[in-house]
Amino acid sequence: MCNFPNYSTFCYSLVFSTSNQFTIISNTSISSSASGIIKPIHTSTPERKTQKKKKQEDSNPKTIRVLNVNFQSIRNTHSELINLIESTKPDIIVGTETWLDSSIKDSQYFPDGFNIYRNDRNLSGGGVPIAVNDTYITSSVTELQTDCEIAWCKMEIVGHKTVYLSSYYNPKTSNEKGYNEYGISIERASKIRNAFIISAGDFNLPGWDWTTKEIKMHTQCVTYHEKFADILDDNGMAQLVTKPTRGLNTLDLVVTNHPESFMRVETLPGLSDHEIVFTEVNLNPRKSIQKPRIIPLYRKANWENMKLDLNKLHQDITLMNEQKAGVNKLWTHFQTKLEESIGNNVPKKTARKKDSSPWITSDIKRLIRKRDRWFKRMKT
């Protein structure tokens, strides 16, 4: 489509396979011998036609594609939205700033083939939708709704945890109530057993540098930025977007409690002055393998040396406090020196990883060993 971004040029591996159903006509002469080629249509013992078993394609998806889009009036970006969907083939679209109200039906601006869940404000601003491909079983989750611009739905997938999706919009950084209500909503969702949470939208937190996970210098409303980080930490969530989405700031975020399942997080040219966040989520079940653990042996620790180290650390902290050192600097110094003392004075051992079948109990292992002994005895 003219004057619209060509989303098909981004670095996705969208590979479409095609096949030619027609083969080249053979040069075999008509007068050649047909024996062994032409068979009678009717015979006394008709041959059974062997039907090749078709490979049953797994109806469950291997990956799902999620778009986080800031519309700034979906009425003005409807054509660009259609172009975006045709190019990227998303399974889920999480949107902000649709600028719609209840008088406008889903079919007027949202494409066919999607189930829509909306929380509108008015025709002048705000509004959050979630669009999920209608091949999935989805439903609204009203019990997670709070007094902010947020919409929730859940997606049922056979053989996978239930995916809880939310679209969130906070119009300005100083809106403390919006962050408080979001925290309540996320806390409710995190208490649901085996919930796979994907929360995306425009959070308007320009002060965060998500590459270093630090707040930038001269940031306004630092308290609200820190509050958002506390919400993530308290509920076991992680934020995945590190690239800027509006100017030099990362405003459009993707939050989840399963960051290891996200294979790709990228940005695309946006429909407004915000970039689009594209993610791919792997839904294949994974076997969790326990890594080798280092266990400190405190019973064999050199406590005399540790007491000397801690006395020296106390003197350092007292001196730094008199020199008006900040709380963060004091804590960092204390933590660093304590870890150094433990590393130098406490021996360690590496625990063997447990990658065995959990149903093989100690009693069963004892019976297995007994069986093996009797087997050896009978062989001899």
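Residues numbered from 1 in each chain as written. Predicted model: local features only at pLDDT ≥ 70, side-chain atom pairs only at ≥ 80, totals over all residues. Heavy atoms only, no water.

Undergrad: Tell me about the packing of aromatic side chains, and name the residues and values.
TA: Using the criterion set out here, one finds 9 aromatic pairs in the structure. Taken together, a centroid distance of 6.5 Å and an interplanar angle of 35 degrees make the contact between Y179 and Y224 tilted. With a gap of 45 residues between them, Y179 in helix α3 (residues 176-190) and Y224 in helix α4 (residues 222-234) connect regions that are remote in the sequence. You can call Y179 buried: its relative accessible area is 1%. Lying over the aromatic face of W374, R377 brings its terminal NZ or CZ to 4.6 Å of the ring centre. (Phe/Tyr/Trp six-rings, centres within 6.5 Å; stacked < 30°, edge-to-face > 60°. Helix = DSSP H or I, 4+ residues; strand = E, 2+ residues; numbered from the N terminus. Buried < 20%, exposed > 50% of the residue type's maximum accessible area, 1.4 Å probe, protein only. Lys NZ or Arg CZ within 6 Å of the ring centre and 35° of its normal.)

Undergrad: Quick one: what's the story with the sheet that holds strand β11 (residues 238-239), residue by residue and with numbers?
TA: In sheet architecture, strand pairing relies on hydrogen bonds along the backbone and comes in two forms, parallel and antiparallel. One open sheet holds the 6 strands; their spatial order is β5-β6-β7-β8-β12-β11, and the pairing between them is mixed. Both outer strands of the open sheet, β5 (137-140) and β11, are each paired with one neighbouring strand and no more. Strand direction decides the pairing type here: strand β6 (residues 149-156) and strand β7 (residues 163-169), joined by 7 bridges, are antiparallel. Bridging across to β7, E149 finds its partner in Y169. Contacting β6, β7, β8 (196-202) and β12 (252-256), α3 crosses the sheet at an angle of about 15 degrees to β6. (Pairing = 2+ DSSP bridges. Contact = heavy atoms within 4.5 Å. Axes fitted to C-alpha atoms, helices over the stretch in contact; angles between N-to-C directions.)

Undergrad: Can you explain a negative patch on the surface? Please cite residues and give values.
TA: A cluster of like negative charges, contributed by E226, D230, D233 and D234, occupies part of the molecular surface. Summarising the element assignment, D234 is placed in helix α4. Judged by relative accessible area, D234 falls into the exposed class, the value being 65%. (Patch = residues over 30% accessible without salt bridge, like charges linked within 9 Å, V, L, I, M, F, W, Y side chains within 5 Å. Areas by Shrake-Rupley, 256 points an atom, 1.4 Å probe, with all protein chains shown as cover. Salt bridge = Lys/Arg side-chain N within 4 Å of Asp/Glu carboxyl O. Lys, Arg positive; Asp, Glu negative; His and termini not counted. Charge placed at Lys NZ, Arg CZ, Asp CG, Glu CD.)

Undergrad: Which residues make up the pairing of β12, and what values do they have?
TA: Among the 5 residues in β12, 5 count as buried, and that is most of the element. Bridge analysis of β8 against β12 gives 5 bridges, and the strand direction is antiparallel. For I198, the partnering residue across the bridge sits in β12 and is T256. Summarising the sheet, β11 and β12 pair through 2 bridges and their orientation is antiparallel.

Undergrad: How would you explain the packing of α3 against α4 if you had to name every residue and give the values?
TA: Look at α3 against α4: their axes get within 10 Å of each other, and the N-to-C directions meet at 5 degrees. When the axis of α3 is compared with that of α4, the two are roughly parallel. Taken together, the residues of α4 that come into contact with α3 (itself represented by E176, Y179, N180, Y182 and G183) are Y224, K227, F228 and I231. (Parallel < 35°, antiparallel > 145°, perpendicular 65-115°, else oblique.)

Undergrad: Can you explain the pattern of salt bridges? Please cite residues and give values.
TA: Opposite charge on two side chains allows them to pair when their charged atoms are near. This structure, assessed with the given rule, holds 14 salt bridges. The partner of D106 in a salt bridge is R118, with the nearest N and O atoms 2.6 Å apart. Of this pair, D106 sits in helix α2 (residues 106-109) while R118 is found in strand β3 (residues 114-119), placing the two residues 12 residues apart along the sequence. Several salt bridges converge on common partners, so that one network encompasses R65, R264, E266 and E280.

Undergrad: A description of the sheet that holds strand β4 (residues 128-133) should follow, citing residues and the corresponding values.
TA: The 6 strands lie next to each other as β3-β4-β2-β1-β14-β13, forming an open sheet whose pairing is mixed. A strand with exactly one partner marks an edge of an open sheet, and here the two such strands are β3 and β13 (262-268). Neighbouring strand axes in the sheet, compared pairwise and without regard to direction, differ in orientation by 15 degrees on average. Where strand β1 (residues 63-70) lies against strand β2 (residues 92-96), 5 bridges are found, and the strand directions are parallel. Counterpart to V66 in the pairing with β2 is I92.

Undergrad: Could you give me a rundown of the side chain of T279, with the residues and numbers involved?
TA: Note on placement: T279 falls in strand β14 (residues 276-282). Looking at T279, the relative accessible area reads 1%, which means it is buried. Setting aside residues up to four positions removed in sequence, T279 forms contacts with I64, R65, V66, V254, F262, R264 and V265.

Undergrad: Just give me the short version of a positive patch on the surface, but keep the residues and values in it.
TA: A surface patch of like charges, here positive, comprises K365, R369, K370, R373 and R377. When you line up the elements, R369 lands in helix α7 (residues 362-379).

Undergrad: Describe in detail the side chain of N345, supporting the description with residues and values.
TA: Examined against the element boundaries, N345 turns out to sit in helix α6 (residues 327-345). Within the structure, N345 has its side chain in polar contact with the side chain of D309 (distance 3.2 Å). Those residues within four positions of N345 in sequence are excluded, and the remaining contacts are A301, N302, N305, M306 and D309. (Polar contact = N/O pair within 3.5 Å; in protein donor to acceptor, adjacent residues only side chain to side chain.)

By themselves, these figures tell us nothing about what the structure is for.
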